[in-house]
Amino acid sequence: MDFDGLSVDQAPPIWAPLTFFLTAPLFAILAGFLILFSDAATLTSRYSMQTIAITHAVTIGFLSFVMFGALMQMLPVLAGVKITKVTIISKISYILLATGTLCMIFGLWFNIATLLLSASALLGVGFLTIIISMLIALRNVINFTASIRAMITALIFALFITFMGVHLLASYGVGNFSASHLLLANIHSVWAIFGFAGVLIIGVAFHILPMFYVAPKFKRFCKQKVAWLISTGLLLWLLLNLFFDSYAVVAKIWIATFFWAFATTVYIKLNARRRKVSDITIWYWRSAAIFMTLGTFSWVIDDFFNEKYIVLVSIFIGGGFIFSIMSGMLYKIVPFLIWFHLNAKGYMSIPTMNEMINKKLAKAQFMLFIVSLIGFIFSFFVPYLLPLFALSFITSMLILEYNIVIAALIYLKTIKTKPDFDMSMFAMKVEN
Amino acid sequence: MSTIKEYLSADHGHCDELFASMEDAVTKDIGSAKASYEEFAKRTERHFQMEERIMFLEFEQKTGMTQGPTAMMRHEHTQMRNLISDMGKAIDAKDKDKFFGISETLMILMQQHNMKEEQMLYIMAQQHLSAESERIIDMMRSMIVQ
């Protein structure tokens, strides 16, 4: 048996997910600079062009890049399926999404119609390519677990979010807005946060928390029903928004309750975990749980203030919850990926995961990130503070990028130097 | 009577518990953590052998697939054995950083491996070997580690 064949067979080539991971913090850095150069007062409105540009630098550029990179890596392990022609699919979608996101950000920032229309097409095709490839791969699943059902649900939400996003962005491009533009934008964002990111995170957490931290398993009810209940809540919320606007808060409470319950459960499970070792990923899970709790409550309460504080809600949920978890994931997945691929190539003396990531820098990065989040919330009320926290956010993201680039360089260096214990020449046949 | 899947999945859980205890022991005092390490290493080796010497063989015989999933699992067992042995050396050298670097890698590798087994291989095994499952579990239970 071929060692390389084996690793390639079960996992995508290292650069397929790694390019997504290495690019993600760069978009976050860009978002930081945009915050730095924008007018704080403009950012208090969710529908200003600047706010939309910054939001998508974070949501598409950082969050979706980490999520799709991770999905590419996890499908073979969690679902036992692989994406056909994964190298080409990942390259095409990467190029389309990266250029599309840049076109979108600058198109909105400088109000350039051509860029906006290009962005709409590039992002549309880019997302559809990767989402549909994953859904096709998932048709071959033999054993449908709760996590796989959650993944499929999240990807179906992603399809709708993409279609809505393409339409919304094209509207900016042609400068012609339908009567339902704002409603559609609202559905797009709520489904993206709760239907795609939220359901995906919950689905993966069912597996990851008990396994990696030896935490108590999630209850059967939780695993079987939560993704379904949240989806029902999101559909109900859509129908109420369309037909009985004044009752939409009922569905909001429904959705918020499950996410709040999830956040609390995560916190309890982490406290009860058997594996007491505490690392940066645990800190990120904890901060995610706390911010999600604040986020769900403020989302519901905001309804009674005519959505005046929706920007704060999105900082709590998008920044505090989703962003935290994705950053934590990068710290786990990137060094492991590198170790895994070097090991599969037959290299024997590989640095350990801890040697790839500087723990002190990772902690500093986490602290700066949390300070920035809290700072952004303060800046909502005291706008002149915003540039200070934009700078701390940029620093935090620079450190995050540095931390994972160092790990990637270790991979390249090891491949280049071929250490003494290189076993790759023996990697042709294995006796069973 | 438990199925092959239930029996071996539960054994993964026991190994995880021992892994956590071993890490606890190293955190407290790496100098006296060897016993916990041995307990984890022995239990895990027993698990590997239950699969390699009994379940995988039965599966391969029944299905004729010797180069399929079981070959991949055997390869991963080798990777994990290497890491477990490196962890032992780190404990002997009282090198905590090295130990936790390896233990973290082992944990992820082990969990990836367990997921593949529990969600694919054990289910396939259960489908092909359900009639013999009682006999196979008995053999695994009474196996003497080599």
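How each quantity is defined
For every chain, the first residue of the written sequence is number 1, and numbering continues from 1 onward in sequence order. Labels follow written order: the first chain is A, the first ligand is 1, and so on. The predicted nature of this model means local features are confined to residues of pLDDT at least 70 and side-chain atom pairs, given and counted, to a pLDDT of 80 or more, with totals for whole chains, interfaces and linings taken over all residues. The way it works is that DSSP assigns letters per residue, a run of H or I at least four long becomes a helix, a run of E at least two long becomes a strand, and they are numbered from the N terminus. Using C-alpha atoms as the atom set, the radius of gyration is obtained and then compared with a globule rule of 2.2 Å times the number of residues to the power 0.38. Any residue whose C-beta has 12 or fewer other C-beta atoms within 10 Å is treated as exposed, any with 20 or more as buried, and any in between as partly exposed, C-beta atoms being built from the backbone. Among buried residues, those of type Ala, Val, Leu, Ile, Met, Phe, Trp, Tyr and Cys that are joined through C-beta atoms within 7 Å form a set called a nonpolar core. This entry defines residue contacts through backbone-placed C-beta atoms, with two residues in contact when those atoms are within 7 Å. Here the nonpolar group is Ala, Val, Leu, Ile, Met, Phe, Trp, Tyr, Cys and Pro; Asp, Glu, Lys and Arg are the charged ones; every other residue, Gly included, is treated as polar. All axes here are fitted lines through C-alpha atoms, helices being fitted over the stretch that makes contact, and every angle between N-to-C directions spans 0 to 180 degrees. Note that the term roughly parallel is reserved for angles under 35 degrees, roughly antiparallel for angles over 145, roughly perpendicular for angles of 65 to 115, and oblique for everything else. Any helix carries an expected span of 1.5 Å times its number of residues minus one. The angle separating two fitted axes, one through the seven residues that finish at a residue and one through the seven that start at it, defines the bend at that residue. Two helices cross in a left-handed way if the nearer one is turned anticlockwise from the farther one by less than a right angle. They cross in a right-handed way if the turn is clockwise. This arc describes the spread of directions from the helix axis toward the C-beta atoms. Each residue gets a pLDDT score, which is the predictor's confidence in that residue and runs from 0 to 100.

A. Fine view of the overall build of chain B. Regarding its fold elements, chain B presents 5 helices and 0 strands. In sequence order, the secondary structure elements of chain B are arranged as α-α-α-α-α. Its C-alpha atoms give chain B a radius of gyration of 16 Å, within 12% of the compact-globule value 15 Å for 146 residues. The principal-axis extent of the C-alpha atoms belonging to chain B is close to 50 × 30 × 25 Å. Burial status across chain B gives 35% buried among its 146 residues.

B. Representation of the nonpolar core in the model. Core analysis: the biggest nonpolar cluster contains 173 residues, and Phe62(A), Val66(A), Phe196(A), Leu200(A), Met326(A) and Leu330(A) have the highest contact counts within it. Once residues within four sequence positions are removed from consideration, Phe62(A) is found in contact with Ala24(A), Pro25(A), Phe27(A), Ala28(A), Phe323(A) and Met326(A). Judged by nonpolar contacts, the second largest core, of 12 residues, contains Ile4(B), Leu8(B), Met55(B) and Phe56(B).

C. Highlighting the interface of chain A and chain B. With 26 residues of chain A in contact, the opposing surface of chain B contributes 29 residues. Of all elements in the fold, only helix 1 (3-10), helix 3 (49-79), helix 7 (181-212), helix 11 (310-344) and helix 12 (353-356) of chain A reach the threshold of two or more residues within the side of chain A that touches chain B. Class assignment for the residues of the side of chain A that touches chain B results in 13 nonpolar, 9 polar and 4 charged.

D. Quick look at the packing of helix 11 of chain A against helix 13 (residues 359-381) of chain A. Residues and elements named next belong to chain A. One can describe the packing of helix 11 onto helix 13 by two numbers: an axis separation of 10 Å at closest approach and a directional angle of 170 degrees. Our classification of the angle between helix 11 and helix 13 gives roughly antiparallel. Touching Val311, Leu312, Ile315, Gly319, Gly320, Ser327 and Tyr331 of helix 11 are Ala362, Phe369, Leu373, Phe376, Ile377 and Phe380, all from helix 13. Of the residues in the contact of helix 11 with helix 13, the class split is 10 nonpolar, 3 polar and no charged.

E. Structural detail: helix 11 of chain A. All names here are of chain A. Counted at 1.5 Å a residue, the expected span for helix 11 with its 35 residues is 51 Å, and the 47 Å between its end C-alpha atoms agrees. Of all the bends in helix 11, the greatest measures close to 35 degrees and is centred on Phe323. Counting buried positions over the 35 residues of helix 11 gives 32, a clear majority of the element.

F. Geometry of the environment of Thr417(A). Residues and elements named next belong to chain A. Secondary-structure assignment places Thr417 in helix 14 (residues 386-417). Under the C-beta neighbour-count criterion, Thr417 is labelled exposed, with 10 such atoms within 10 Å. When the C-alpha positions of Thr417 and Lys219 are compared, they lie 49 Å apart, and in sequence the two are 198 residues distant.

G. Fine view of the packing of helix 2 (residues 15-36) of chain A against helix 3 of chain A. All names here are of chain A. It is the contact of helix 2 with helix 3, at a shortest axis distance of 8 Å, that shows an interaxial angle of 165 degrees. With respect to helix 3, the element helix 2 is oriented roughly antiparallel. Both helix 2 and helix 3 take part in a crossing whose hand is left-handed. Residues belonging to the contact of helix 2 with helix 3 are distributed by class as follows: 22 nonpolar, 4 polar and no charged.

H. Structural view of helix 5 (residues 133-141) of chain B. Residue and element names in this part refer to chain B. Along helix 5, the positions that sit buried rather than exposed are Ser133, Ile136, Ile137 and Met140. Along helix 5, the residues classed as buried sweep out an arc of 100 degrees about the axis, all on the same side. Exposed side chains of helix 5 directed beyond 90 degrees from the buried face belong to Arg135 and Asp138. Residues of helix 5 that are buried make contact with helix 1 (4-28), helix 2 (34-63) and helix 4 (96-129).

I. Expanded view of the confidence of the model for chain A. All names here are of chain A. Averaged over chain A, the pLDDT score is 90; the fraction of residues at 70 or greater is 94%. Predicted confidence for residues 1-8 stays below pLDDT 50, and this span has 19 contacts to residues more than four positions away or in other chains. Scored below 50 in pLDDT, residues 422-432 shows 18 contacts in the model against residues more than four places distant or in partner chains.

J. Molecular detail of the confidence of the model for chain B. Across chain B, the average pLDDT comes to 91, with 99% of residues at 70 or higher. For this predicted complex, the interface score ipTM comes out at 0.81, alongside a pTM of 0.90.

K. Representation of unusual backbone geometry within the structure. Residue and element names in this part refer to chain A. At Val214, a residue that is not glycine, the phi angle is positive and equals roughly 45 degrees. Inspection of the secondary structure puts Val214 in the loop between helix 7 and helix 8 (220-243). With 22 C-beta atoms counted inside 10 Å, the residue Val214 sits in the buried group. Although it is not a glycine, Glu307 adopts a positive phi angle of roughly 60 degrees.

L. Representation of the environment of Thr19(A) in the model. Residues and elements named next belong to chain A. For Thr19, the position within the fold is in helix 2. With 18 C-beta atoms packed within 10 Å, Thr19 lands in the partly exposed category. For the pair Thr19 and Lys91, spaced 72 residues apart in sequence, the C-alpha separation works out to 9.0 Å.

M. Region of interest: the environment of His188(A). Residue and element names in this part refer to chain A. Inspection of the secondary structure puts His188 in helix 7. By C-beta crowding, His188 is classed as partly exposed, having 18 other C-beta atoms within 10 Å. Separated by 217 residues in the primary sequence, His188 and Val405 have C-alpha atoms spaced 33 Å apart. Excluding anything up to four places from it in sequence, His188 contacts Ile161, Met164, Gly165 and Leu168.

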